[in-house]
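Structural overview
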Amino acid sequence: MSAFSLARTAIDTALDEASSSAVDRETLLRAIVSLAVEKYREGEGLEATRSMLEFQLTNCAGDEDHEFMRP
């Protein structure tokens, strides 16, 4: 199972539990993002976290073309 599959399963499970526990979807997703950023920073440091978040925000629309260099 890939990292993205594991994360998707965890988030889907949390969303299901939130809806049955009267927890707002946006509140849950904000908490997940906040905790994920905190854990990432603990392991990778502040600058790497900032760089990763900037990349994700720049590319979150999903419709950009990316150039890749071949070795």
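Just above sits the structure.
Since this is a predicted model, take the numbers as computed values, not measurements. (Residues numbered from 1 in each chain as written. Predicted model: local features only at pLDDT ≥ 70, side-chain atom pairs only at ≥ 80, totals over all residues. Heavy atoms only, no water.)

This paragraph deals with the overall build of the chain. A tally of helices and strands in the chain yields three helices and zero strands. Within the structure as shown, the chain displays about 6400 Å² of accessible surface, and the carbon and sulfur contribution to it stands at 57%. (Helix = DSSP H or I, 4+ residues; strand = E, 2+ residues; numbered from the N terminus. Areas by Shrake-Rupley, 256 points an atom, 1.4 Å probe, with all protein chains shown as cover.)

For the rest of this paragraph, the subject is the packing of helix α1 (residues 3–20) against helix α2 (residues 25–44). Their axes nearest at 10 Å, the elements α1 and α2 cross at an angle of 145°. In the crossing of α1 with α2, the sense of the turn from one axis to the other is right-handed. Note on element contacts: α2 touches α1 through Arg25, Leu28, Leu29 and Ile32, opposite Ile11, Ala14, Leu15 and Ala18. A breakdown of the residues in the contact of α1 with α2 according to their chemical character gives seven nonpolar, no polar and one charged. (Axes fitted to C-alpha atoms, helices over the stretch in contact; angles between N-to-C directions. Left-handed = near helix turned anticlockwise from the far one by under 90°. Contact = heavy atoms within 4.5 Å. Nonpolar A, V, L, I, M, F, W, Y, C, P; charged D, E, K, R; others polar.)

Bringing the side chain of threonine 49 into the picture now. By the element assignment, threonine 49 lies in helix α3 (residues 46–58). Taking relative accessible area as the criterion, threonine 49 reaches 3% and is therefore assigned buried. Those residues within four positions of threonine 49 in sequence are excluded, and the remaining contacts are Val37, Tyr40 and Arg41. (Buried < 20%, exposed > 50% of the residue type's maximum accessible area, 1.4 Å probe, protein only.)

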